[in-house]
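Results of the structural survey
The primary structure of each chain is shown beneath.
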Amino acid sequence: MSAKKFAFDVGITFLASVVNLLFGFIITVTLGRCLGAGELGLYRMTSTLYGIAMLIATMGIPAALIKYIAECKENKDKFNQVISSGIITSLFFGIIFSILLYSLSGVFATIFDMPMLSGLLKLLSPVFPFALIGQSLFGLLNGLREMKKYATGAVLQSGLMLIVTVTLIYYGFGVAGAVIGIILSSIGSCVFLIWTCRKYLNITLEEYTQTTKKLLKFGSQIFGANAINMINYQADIVLIGYFLTATDVGYYAVAVGLSRFFWLIPNAIQRITYPATSEYWAKRDYTALQKMIDKSMKYTACILVLIGLAVRFFAIDIITLIFGEKFVYSVLPLQILIIGTVIFGIFKSIGGSLPGIERVDLSFKITGVGALVNIILNSLLIPLLGISGAAIATTVSFSLMTILSLKFICKIAKVNID
């Protein structure tokens, strides 16, 4: 892959990530200002449970598609078998999870002592078939490095979510309007992706069983790592909801939302470095791999550290200006979270390196250690320190995973990081 192509792919992916995060942030601001911290917290709990369900439902298939599409894109028969297996299996899992979420909605409402949560989860349940097929098609485009189409689909989805959510909140639908925004945006982006990818969709049942086993075997390893990553990303929210109140979730959601802005650049870079790492490793092109890893981390670090210092210093002004004085409780958690998100963000630029060099098992073990530390610290610190305790636990977990991951990447891939 030429340097020009790499730079273009990173640029277009970064731009899409900026737009998506900005649209999501506008939704958060709208909910916070119009409905208050309690309603924002209720929406965040709904979207968190949805994210966990989506992670389980995908079973790592989108990530497996990225890898195998990148490897077999020159073999038409294998290509058709891989994408057909991914789409058919995703549709099957989507139907199952729609039924499950609807059936278990009352259980979740009881666990978190949020009666309104049940109705919101039932409302959301039909989204899964569309969302899962959409994720598979995103995996297809990523594997082919059709990043312009990938970015267009991602921006369309977040744009639809913003328009529908803001419109329905304006007309008095409250949190339900935001949930409907998730549903309609997933349906709209799925239709767009099917149309965009139509020339690649030569659906076949040939070798379906064997191909599905291969996807699920690799995907299950990715799923394990991603599931534990989800714990690291969402354990704080879930445990705050369990130990504290929806209002506390709302305050913390603001801090988390602002801190995750630091992952825009590394997330964009990772979408390119992951398939590129798979390709370079398969071709034994270690020189290109070394150069890509070194420069990706170096440039990411230079940017994130400077931005992190600036946001940490002006945290009070930023939060009160955007959300108002009532969200001043979000300031301290944000200042703590910035430390962890910057450190972990530097690593995230090459976060797909271990799976790319076929050591998914190490990703699983490292994230497992981080998740265990995260859960233990959150359980201990939230009752003592509230949402600031959750921020401390998350920062420690992110830092630990970064140190362990870089150690093994340098050792196994035989790269040197400056």
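Placed above this text is the structure.
Read on for an overview of the structure. (Residues numbered from 1 in each chain as written. Predicted model: local features only at pLDDT ≥ 70, side-chain atom pairs only at ≥ 80, totals over all residues. Heavy atoms only, no water.)

Counted under the stated rule, the structure contains 17 aromatic pairs. Ring geometry for tyrosine 68 against phenylalanine 218: centres 5.8 Å apart, planes inclined by 70°, an arrangement best described as edge-to-face. Taken together, the positions of tyrosine 68 in helix 3 (residues 61–72) and phenylalanine 218 in helix 9 (residues 208–243) put the pair 150 residues apart, joining distant regions of the chain. A residue is classified by how much of its surface remains accessible, and tyrosine 68, at 14% relative accessible area, is buried. Accessibility expressed as a relative area gives 7% for phenylalanine 218, which makes it buried. Their ring planes at 45° and their centres at 6.2 Å tell us that phenylalanine 97 and phenylalanine 128 sit as a pair that is tilted. With phenylalanine 97 in helix 4 (residues 76–111) and phenylalanine 128 in helix 6 (residues 128–144), the pair connects residues that are 31 residues apart, well separated along the chain. Given the relative accessible area of 0%, phenylalanine 128 is considered buried. By way of ring pairs, the aromatic residues Phe25, Tyr251, Phe323, Phe327 and Tyr329 are connected into one cluster. Above the face of the tyrosine 102 ring, lysine 122 is positioned so that its terminal group lies 5.4 Å from the ring centre. Sitting over the ring of tryptophan 195, arginine 198 keeps its end group 4.4 Å from the ring centre. (Phe/Tyr/Trp six-rings, centres within 6.5 Å; stacked < 30°, edge-to-face > 60°. Helix = DSSP H or I, 4+ residues; strand = E, 2+ residues; numbered from the N terminus. Buried < 20%, exposed > 50% of the residue type's maximum accessible area, 1.4 Å probe, protein only. Lys NZ or Arg CZ within 6 Å of the ring centre and 35° of its normal.)

Its boundaries defined by the atoms lining it, the second largest pocket holds a volume of some 230 Å³. The wall of the second largest pocket is formed by Leu49, Ile52, Ala53, Ile56, Phe97, Leu100, Leu101, Leu104, Phe108, Phe112 and Val238. If you tally residues by element for the lining of the second largest pocket, the top one is helix 4, at 5 residues. Looking at side-chain class alone, the lining of the second largest pocket contains 11 nonpolar, no polar and no charged residues. (1 Å grid on protein atoms, 1.4 Å probe; cavity = no way out; pocket = protein on both sides within 12 Å on 5 of 7 lines; lining within 4 Å. Points joined across faces, edges and corners; volume = space filled by probe spheres on them. Nonpolar A, V, L, I, M, F, W, Y, C, P; charged D, E, K, R; others polar.)

So, about helix 13 (residues 315–323). Since the α-helix packs 3.6 residues into each turn, any two residues three or four apart lie on the same face. Buried within helix 13 are the following residues: Ala315, Ile319, Thr320 and Phe323. For helix 13, the buried positions fall inside an angular range of 110° around the axis, keeping them on one side. A positive phi of about 100° marks glycine 324, the residue just after helix 13. (Arc of directions from axis to C-beta.)

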